[in-house]
Amino acid sequence: MKNSKNNFVDYVKIYCKSGNGGKGSAHFFRSRIQPKGGPDGGDGGRGGHIIVRGNRNLWTLLHLKFTKHIKAGHGGDGGKNTSTGSSGKDIYIDVPIGTIIKNIETNQYLSEITSDKEEYVLLQGGLGGRGNVHFKNSVRQSPRYAQPGQTGVEASVVLELKVLADVGLVGFPNAGKSTLLSVVTAAKPKIADYEFTTLNPNLGIVQYRDMQSFVMADIPGIIEGASEGKGLGHRFLRHIERNTCLLFMIPASSNNIMKVYNILLKELTKYNPELLDKNRLLVITKSDLINDEIQQSISSSLTIKHLFISSLNNIGLTALKDEIWKILIEKND
Ligand SMILES: Nc1nc2c(ncn2[C@@H]2O[C@H](COP(=O)(O)OP(=O)(O)OP(=O)(O)O)[C@@H](O)[C@H]2O)c(=O)[nH]1
Ligand SMILES: [Mg+2]
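Residues numbered from 1 in each chain as written. Chains lettered and ligands numbered in written order. Predicted model: local features only at pLDDT ≥ 70, side-chain atom pairs only at ≥ 80, totals over all residues.

A few words now on the overall build of the protein. Check the secondary structure of the protein and you find four helices and 14 strands. Over its C-alpha atoms, taken along the principal directions, the protein stretches across nearly 100 × 35 × 35 Å. Within the protein, buried positions represent 41% of all 333 residues. Considering only residue pairs separated by 6 or more positions, the protein has 71% of its internal contacts joining residues 24 or more positions apart. (Helix = DSSP H or I, 4+ residues; strand = E, 2+ residues; numbered from the N terminus. Buried ≥ 20, exposed ≤ 12 C-beta atoms within 10 Å, placed from the backbone. Contact = placed C-beta atoms within 7 Å.)

Moving on, we get to the site of ligand 1. For ligand 1, the set of nearby residues contains 24 residues, the closest of which are G176, S178, D193, T198 and G221. Top element by residues in the shell around ligand 1 is helix 1 (residues 177-184). It accounts for three residues. Each residue belonging to the shell around ligand 1 can be placed in one class, and the counts come to eight nonpolar, 11 polar and five charged. (Near = placed C-beta within 6 Å. Nonpolar A, V, L, I, M, F, W, Y, C, P; charged D, E, K, R; others polar.)

The strands that make up a sheet pair up through hydrogen bonds in the backbone, lying either parallel or antiparallel. Strand order in the open sheet formed by five strands is 3-1-8-5-6, and the pairing between neighbours is mixed. Because the sheet does not close on itself, it has two edges, and the strands there are strand 3 (69-71) and strand 6 (109-113). Strand-to-strand, the axes of this sheet are offset by a mean angle of 25°, without reference to chain direction. When strand 1 (residues 11-17) meets strand 8 (residues 154-161), the two strands line up antiparallel, connected through seven bridges. Bridge assignment links V12 to a residue of strand 8, and that residue is L159. (Pairing = 2+ DSSP bridges. Axes fitted to C-alpha atoms, helices over the stretch in contact; angles between N-to-C directions.)

Quick look at helix 2 (residues 257-271) now. In a regular helix each residue adds 1.5 Å, so 15 residues correspond to 21 Å; helix 2 covers 21 Å between its end C-alpha atoms and thus fits that length. For helix 2, the full list of buried residues reads I257, V260, Y261, L264, E267, L268 and Y271. Each buried residue of helix 2 lies within a common arc of 130° when the element is viewed along its axis, so the set occupies one face. Among the exposed residues of helix 2, those pointing more than 90 degrees away from its buried face are K259 and N262. For helix 2, the secondary structure elements touched by its buried residues are strand 9 (166-171), strand 12 (245-251), strand 13 (279-285) and helix 3 (292-301). (Expected span 1.5 Å × (residues − 1). Arc of directions from axis to C-beta.)

Turning to the environment of I93, a few remarks are in order. Note that I93 resides in strand 4 (residues 91-95). Expressed as a C-alpha distance, the spacing of I93 and K17, which sit 76 residues apart in the sequence, is 12 Å.

This brings us to unusual backbone geometry. Its identity as a non-glycine residue notwithstanding, F196 has a phi of 60°, on the positive side. Examined against the element boundaries, F196 turns out to sit in the loop between helix 1 and strand 10 (202-208). The exposure class assigned to F196 is partly exposed, which follows from the 13 C-beta atoms found within 10 Å.

A few words on the sheet that holds strand 7 (residues 119-123). Sheet architecture is open: three strands sit in the order 4-2-7, paired in mixed fashion. Looking at which strands have only one partner, the edges of the open sheet turn out to be strand 4 and strand 7. Looking at each pair of strands side by side, their axes are set apart by 30° on average, direction ignored. Relative to strand 7, strand 2 (residues 50-54) is paired through four bridges, and the arrangement is antiparallel.

Shape descriptors only; they carry no functional weight alone.
What follows is the structure, given as structure tokens:
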């Protein structure tokens, strides 16, 4: 899963270098009354670390797409009067939960960020050198020596967002796509009771049992004739080209669910016939608006597999996730 052409960046390479430690000082105390005072050189400050940190508000590595180099600050040198140099500035690389960190040269797996605010010190800053006060002993009263700071370390790393597979939400405007995303992920897409509320795709990560997760993409609504440019057109379909599984979202209140399903299918085919190779699942939304009897009659009129959900009343959402997971696992086997 390398960078795809859309804004879903899940793979970046970055060269990182931690800061050098500051030099220890070889200073001697001097004053009018004490012209030959003892050593009073302080320690150098440590160099800045490079730290990778989990951030639950990030869903992709897009913000790092153009970051090629990251360098932390150097530690300050030690000074007279045993004063310690300042520490170099640490640099934090914020990443979405589920990001894997690998060393490029060795291809070695280093760590995975699995929770918000979790920190992984990728590169330690160099230690500051010790000032000459530490080297004074009974034999050597006036050490003219102080340690240099340790140099920082460097590494080129790959950050890769681990997503098992993706699910794309396809449907007419107002079908409840963004609402579903908002209840099964932490994403906060705009939701409103009018058509074309969503103008740009939204992504969210669905947490599934046992710490598993998958990415769900909510895209703008599609209408009949989208391929001829009606509504917002069908250029947004490129965002679901990489999805393993497509959910066809159709409200329970639709007069003819199969007809809507076929229109969606037709528009997808016109965009890219390969989209038909993907797994599809018919999801009938807003099931809270109909009673059991109507639900029964809809069910018996349908010949394809379908699930009823209500994002508002939390009906059928676990079953939906289970079903999606089954599809993703089969695809990956
Ligand atoms: N009763 C009921 N209403 C729902 C449900 N899910 C969504 N809605 C309502 O349907 C309307 C449209 O929801 P959205 O999630 O914005 O629909 P969308 O498919 O993202 O629409 P576009 O972005 O315009 O394509 C909103 O008023 C929602 O509150 C549901 O499960 N039950
Ligand atoms: Mg929407």
